[in-house]
Amino acid sequence: MIRVLVADDEELVRSGLRLILEAAGDIAVVGEARDGAEAVSAAERLRPEVVLMDVRMPGTDGLSAAARLLAAPGGPKLVMLTTFDLDEYVHEALRLGAVGFLLKDTPPRELAAAVRTVAAGQAMLSPSVTRRLIASYADRAPSRAETARRRLAALTGREEDVIRALARGLSNAEIGRELRLSEATVKAHVSRVLAKLGLANRVQAAILVHDADLA
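Nothing here was measured: the structure is a model prediction, and the numbers come from that model.

(A) Quick look at the nonpolar core. Counting 44 residues, the largest nonpolar core has V4, L21, L52, M53 and M80 as its most contacted members. With near-sequence residues (within four places) excluded, L52 lies in contact with V4, L5, V6, A7, L21, V79, L81, L102, L111 and V115. Counting residues in each nonpolar core, the second largest holds 22 residues, with A148, V162, A206 and V209 among its members.

(B) The side chain of R202, seen in detail. Relative to the helices and strands, R202 resides in helix α11 (residues 202–211). No salt bridge is formed by the buried R202; the nearest opposite charge belongs to E174, separated by 7.4 Å. Within the structure, the side chain of R202 is placed 2.7 Å from the side chain of N172, a separation counted as a polar contact.

(C) Quick peek at α11. Summarising burial for α11: ten of the ten residues are buried, a large majority. Turning to α11, its buried residues are R202, V203, Q204, A205, A206, I207, L208, V209, H210 and D211. Its side-chain oxygen 3.0 Å from the backbone nitrogen of V203, N201 forms the N-cap of α11. D213 occupies a position one or two residues after α11 and carries a positive phi of about 60°.

(D) Seen up close, unusual backbone geometry. Positive phi is not limited to glycine here, since R47 has a value of about 50°. Along the chain, the position of R47 falls in the loop between α2 (36–46) and β3 (50–54). Even without glycine at this site, R180 takes up a positive phi of about 60°. By secondary structure assignment, the location of R180 is in the loop between α9 (172–179) and α10 (183–197).

(E) Molecular detail of the pattern of salt bridges. On inspection of all chains with the given rule, the structure shows eleven salt bridges. The partner of R18 in a salt bridge is E22, with the nearest N and O atoms 3.3 Å apart. Remark: E22 and R18 occur in helix α1 (residues 11–22); sequence separation between them is four residues, near one turn of the helix. Note on R18: relative accessible area 25%, which makes it partly exposed. Among the charged side chains, a salt-bridge network with shared partners connects R14, R18, E22 and E32.

(F) Spatial organisation of the pairing of β3. Of all the five residues making up β3, five are buried; the element is thus mostly covered by neighbouring parts of the structure. The two faces of β3 match: V50, L52 and D54 on one face and V51 and M53 on the other face are all buried. Bridge analysis of strand β1 (residues 2–7) against β3 gives four bridges, and the strand direction is parallel. The residue of β3 that forms the bridge with A7 is M53. Bridging between β3 and strand β4 (residues 77–82) involves five bridges; their strand directions are parallel. Note on β4: the bridge partner recorded for V51 is L78. Handedness of the crossover joining β3 and β4 through helix α3 (residues 62–71) is recorded here as right-handed.

(G) A look at empty space enclosed by the protein. Taken as a whole and judged by the stated rule, the model has one cavity of 30 Å³ or more. Approximately 30 Å³ is the volume found for the largest cavity. Lining the largest cavity, in full, are L152, E160, I163, R164, V209 and L214. Tallying contributions element by element places helix α8 (residues 157–167) first for the lining of the largest cavity, with three residues. Residue composition of the lining of the largest cavity, grouped by class: four nonpolar, no polar and two charged.

What counts, and where the lines are drawn
Throughout this description, residue numbers start from 1 for each chain and increase along the sequence as written. Given that the model is predicted, a residue must reach a pLDDT of at least 70 before its local features are reported, and side-chain atom pairs must reach 80 or more before they are shown or counted; all residues, however, enter totals for whole chains, interfaces and linings. Computation of side-chain values covers all heavy atoms of the structure but excludes hydrogens and water. Put simply, a nonpolar core is a bunch of buried Ala, Val, Leu, Ile, Met, Phe, Trp, Tyr and Cys residues held in one set by side-chain atoms that sit within 4.5 Å of each other. Burial here depends on accessible area, computed with a 1.4 Å probe over protein chains only, as a share of the maximum for the residue type. Under 20% is buried, over 50% is exposed, and the range in between is partly exposed. Residues are treated as being in contact if the distance between any of their heavy atoms lies within 4.5 Å. Helix and strand labels come from DSSP, where a helix needs a run of H or I of at least four residues and a strand needs a run of E of at least two; each type is numbered from the N terminus. Counted as positive: Lys and Arg. Counted as negative: Asp and Glu, with His and the chain ends omitted from the count. Basic side-chain nitrogens of Lys or Arg form a salt bridge, by our definition, when they fall within 4 Å of a carboxyl oxygen of Asp or Glu. Throughout this description, a polar contact denotes any pair of N or O atoms lying within 3.5 Å of each other; where both atoms belong to protein, one of them has to be capable of donating a hydrogen while the other can accept it, and for residues adjacent in sequence the pair is counted only when both atoms sit in side chains. Each pair of strands is called paired provided DSSP finds at least two bridges between the two strands. Every crossover in which the path from the first strand over the helix to the second runs clockwise, viewed with the strands pointing away from the viewer, is termed right-handed. Using a grid of 1 Å spacing that covers the protein atoms alone, one calls a set of points a cavity when a 1.4 Å probe fits there but cannot get out, and a pocket when the set is open and has protein on both sides within 12 Å along at least five of seven lines; lining residues are those with an atom within 4 Å of a point. Grid points are joined across faces, edges and corners, and a volume is the space filled by probe spheres set on the points. Note on residue classes: Ala, Val, Leu, Ile, Met, Phe, Trp, Tyr, Cys and Pro are nonpolar, Asp, Glu, Lys and Arg are charged, and everything else, Gly too, is polar.

If you want it as structure tokens, here you go:
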């Protein structure tokens, strides 16, 4: 069973998420939190694999809680819950190390599938949603763009091809088909790119590409 903690200030939202996730059969909601402080405390006590965290909550908000959770080694995978008017907060959470986000109106089947994806150690990069948000809210100030380009200059040509495709939301299999590489080779390239750039996951790699205005 995948252990999940749900943090949202609205009881109706928490109850709905619990019903949807537990109906999947392989997901257990081990706890709920009404704000960021409760979420941090509950995560330390319950040790969930995945935390679904609303961005805006009273008291300690989701972003502050995310910073605390992600600063601790061996913590849970963090997925932010958002609506389109809060996307700039999600972008900052991704910079902190969150592995993705879900819109609150995500269909039930996709919600469960997203939790499984994150629990398996993969970031969520939906071409139709994630790329749009990252591209829209990335800070592309000249200094940031130039810094991002200098970091990416350390990559080989093939590694740059891979990270650009990754930033478009493609899976390893899709990147392999596009670049005519085996999925295992793509996986190896992705691992090398993350290590070379000092990045924690695919989402941070995509943000770096967008910061460099290369997506």
